[in-house]
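Descriptive structure summary
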Amino acid sequence: MNLTIWENSSKVLAVGILGIMAGFFWTYSVNVNLAMLQVDGATYAKLQSLFNQNVRHAMFFIFFFGGGIATVAALAVNYQHWKTLSFGLLTLAALTYIGGIIVFTHEVNLPLNYYTESWNPAALPSDWEQVRAQWNSANMLRVVSSGVAFVLGLLSLVVRR
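For clarity, every value in this text was computed on a predicted model and none was experimentally measured.

The rules behind these values
- Residues numbered from 1 in each chain as written.
- Predicted model: local features only at pLDDT ≥ 70, side-chain atom pairs only at ≥ 80, totals over all residues.
- Heavy atoms only, no water.
- Helix = DSSP H or I, 4+ residues; strand = E, 2+ residues; numbered from the N terminus.
- Buried < 20%, exposed > 50% of the residue type's maximum accessible area, 1.4 Å probe, protein only.
- Contact = heavy atoms within 4.5 Å.
- Areas by Shrake-Rupley, 256 points an atom, 1.4 Å probe, with all protein chains shown as cover.
- Lys, Arg positive; Asp, Glu negative; His and termini not counted.
- Charge placed at Lys NZ, Arg CZ, Asp CG, Glu CD.
- Core = buried A, V, L, I, M, F, W, Y, C linked by side-chain atoms within 4.5 Å.
- Patch = residues over 30% accessible without salt bridge, like charges linked within 9 Å, V, L, I, M, F, W, Y side chains within 5 Å.
- Salt bridge = Lys/Arg side-chain N within 4 Å of Asp/Glu carboxyl O.
- Phe/Tyr/Trp six-rings, centres within 6.5 Å; stacked < 30°, edge-to-face > 60°.
- Lys NZ or Arg CZ within 6 Å of the ring centre and 35° of its normal.
- Axes fitted to C-alpha atoms, helices over the stretch in contact; angles between N-to-C directions.
- Parallel < 35°, antiparallel > 145°, perpendicular 65-115°, else oblique.
- Left-handed = near helix turned anticlockwise from the far one by under 90°.
- Nonpolar A, V, L, I, M, F, W, Y, C, P; charged D, E, K, R; others polar.

1. Section: the overall build of the protein
Summing up its helical and strand segments, the protein has 5 helices and 0 strands in all. Each helix and strand of the protein, ordered N terminal to C terminal, gives the series α-α-α-α-α. Principal axes of the C-alpha set define a box for the protein whose edges measure 65 × 25 × 20 Å. Taken over 161 residues, the protein has a buried fraction of 42%. Considering only intrachain contacts with a sequence separation of at least 6, the fraction spanning at least 24 residues in the protein is 82%. Approximately 8600 Å² of the protein is accessible, and the part contributed by carbon and sulfur atoms is 70%. Side chains of the protein carry 8 positive and 6 negative charges; the gap between the two charge centres is 16 Å.

Laid out in structure tokens, this is it:
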């Protein structure tokens, strides 16, 4: 298969972004979430709110949405190879990332974030521990989704060789 520099570069960029986001979600779940299980409710409420507020910056949004945008762009650049296994794997990576990260975050994690940000640390709601567990479980699903998307992306690079 004779691929142009644009075809190759677009796929490598997409897979690189998928890898960065998989690392972000994995690191958060196996480090931050585990540490947050060891703090009292008031501390959890303050820190979780701070994490939610401080992740809202341009660089995070570029990578968060870039995982979907870059994979779709790579598919567009490589459209003439749509019958190849490599294209199919990258398509699955894009669908996994968009559905399992972007849509899932919008539908599950963001509502939980908004709820925890509304908490008064001095007077926590009775369900705060259940909400923490639900958020941690939801984030672990993002770890799996981003990891699967990254592996599919890597495989798309490997099989084209």
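Here the narrative resumes.
2. Remarks on the nonpolar core
Of all hydrophobic cores here, the largest spans 21 residues; its most connected members are Met21, Phe25, Phe64 and Tyr97. Those elements that provide at least two residues to this core are helix H1 (5–36), helix H3 (58–77), helix H4 (85–117) and helix H5 (128–159). Apart from the residues lying within four places of it in its own chain, the contact partners of Phe64 are Met21, Phe25, Tyr97, Ile101, Ile102 and Thr105. Core analysis: the second largest hydrophobic core is formed by 9 residues, Tyr28, Tyr44, Ala45 and Leu112 among them.

3. Structural notes on the environment of Ala35
Relative to the helices and strands, Ala35 resides in helix H1. Taking relative accessible area as the criterion, Ala35 reaches 42% and is therefore assigned partly exposed. For the pair Ala35 and Ala22, spaced 13 residues apart in sequence, the C-alpha to C-alpha distance is 19 Å.

4. Here's the deal with a nonpolar patch on the surface
Together, Ile5, Trp6 and Val77 line one region of the surface with nonpolar side chains, adding up to about 370 Å² of accessible area. If you trace the backbone, Ile5 turns up in helix H1.

5. Observations regarding the environment of Ala70
Looking at the secondary structure, you find Ala70 in helix H3. Residue Ala70 is classed as buried on the basis of its relative accessible area, which comes to 10%. Residues Ala70 and Ser156, spaced 86 residues apart in sequence, show a C-alpha to C-alpha distance of 14 Å.

6. Quick word on the packing of aromatic side chains
A complete count under the given rule lists 12 aromatic pairs for this structure. Judged by centre distance (6.0 Å) and plane angle (35°), the rings of Tyr44 and Trp128 are tilted. Here Trp128 lies in helix H5 and Tyr44 lies in helix H2 (residues 41–54), a separation of 84 residues in the sequence. The same class applies to Tyr44 as to Trp128, namely buried. Ring centres 5.5 Å apart and planes at 85° place the aromatic pair Tyr115 and Trp119 in the edge-to-face group. Here the aromatic residues Phe24, Phe25, Tyr28, Phe51, Phe60, Phe61, Phe64, Phe65 and Trp135 are joined through ring pairs into a cluster of three or more. The side chain of Arg132 reaches across the aromatic face of Tyr44, ending 5.6 Å from its centre.

7. Details of the packing of H4 against H5
Viewed as axis vectors pointing N to C, H4 and H5 meet at an angle of 165°, and their least axial separation amounts to 8 Å. Considering their axes alone, H4 and H5 lie roughly antiparallel with respect to each other. The two elements H4 and H5 meet at a crossing, and its hand is left-handed. A class-by-class count of the residues in the contact of H4 with H5 yields 20 nonpolar, 13 polar and 1 charged.

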